[in-house]
Amino acid sequence: MKFKLFDYVNIGYYFLSILIVLFFYMAIPNPNFLIAIYLTLIIFSAYIIKNENKNRYFLFLRYFYPFIFLLFVFESLGFIVPFINPHNKDYILVHADRFLFGKDLCLILNFLNVRGITDYLQLSYITYYFLPLFLVIYLYKKHQTKLLNQSLFAVFLGYYVSYLGYMAIPAVGPRYTFAYLSKMPLHGWYIYNTIHPMLNALEDIKQDCFPSGHVELSLLTLLLFKDANRKISLIILPIVLSLILSTVALRYHYGTDVIFGILIAFLIYYFSKFIYKN
């Protein structure tokens, strides 16, 4: 059984989650259930790694198991974050935004609240769910093994750093914080009116603002694609820029979330390059 660096990142986070649940055992509902989930993820991860050369299916799982397990990891946050840090810290981010921009950034960008533009931004926003996976599929198909390993290391380190941020500074975002936005609804057509409520319904955790995982992971994907295929990176550049704009224009995030998402993306990117260069 040969572990890769991205395995240590993933399995290490599973173990860390168990430690967090144990530390807050009395505060978290059904802690044993969460511990059982993470132990199951650890066991299955080890089994996949051990059998990676058994056949092509295991080889495929070897590189994609983190994405499969990520759904369980993210959903588990809804059973952890509100109970270990029950008081939202939106006020910190609101004060930071007003200090940096003079007023709430969603107000500054409200000129984009136009049918068609809102729909486009909503489509841009959901590309976050596909961009990292697209990167890994591309590298896997092209047999760019070193960059594939680096990308998995960087991407999942990025996911888990953002998850720890949710625990440290839980915040629900402008759409839930600012009461005045109820008098300034977003205007969209079918795309916005379908996707927006669907995302709200699927989110078991609402305190997932700081840092912006959407910005962080999408920018990180762009930076890694630049090393793999510059032409593709230029194609997805406007998508990523639109996605970054959408996080604040659609009132999901504060400007501070975005700034920290950008900083973390660059830090992880250069850290991963340093690690894999040496």
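Participant: Please give an account of the pattern of salt bridges that cites residues and values.
Facilitator: Enumeration according to the criterion identifies five salt bridges in this entry. Arg62 serves as the salt-bridge partner of Asp7, at 2.4 Å between the closest nitrogen and oxygen. Placement of Asp7 in helix α1 (residues 5-23) and of Arg62 in helix α3 (residues 56-76) is noted, with a sequence separation of 55 residues between them. Assigned by exposure class, Asp7 and Arg62 land together as buried. In this structure, Lys226 and Asp227 form a salt bridge, with 3.4 Å as the shortest nitrogen-oxygen distance. What makes Lys226 partly exposed here is its relative accessible area of 34%. One salt-bridge network, in which partners are shared between bridges, spans Asp7, Glu52 and Arg62.

Participant: How would you sum up the packing of aromatic side chains? Please name residues and give values.
Facilitator: Scanning the entire structure with this criterion turns up 29 aromatic pairs. Relative to Tyr163, the ring of Tyr159 lies with its centre 6.4 Å away and its plane at 40°, an arrangement referred to as tilted. Taken together, the positions of Tyr159 and Tyr163, both in helix α9 (residues 145-168) and four residues apart, correspond to about one turn of that helix. Overall, Tyr159 belongs to the buried group, its relative accessible area being 6%. Classification of Tyr163 as buried rests on a relative accessible area of 3%.

Parameters at a glance
Residues numbered from 1 in each chain as written. Predicted model: local features only at pLDDT ≥ 70, side-chain atom pairs only at ≥ 80, totals over all residues. Heavy atoms only, no water. Salt bridge = Lys/Arg side-chain N within 4 Å of Asp/Glu carboxyl O. Helix = DSSP H or I, 4+ residues; strand = E, 2+ residues; numbered from the N terminus. Buried < 20%, exposed > 50% of the residue type's maximum accessible area, 1.4 Å probe, protein only. Phe/Tyr/Trp six-rings, centres within 6.5 Å; stacked < 30°, edge-to-face > 60°.

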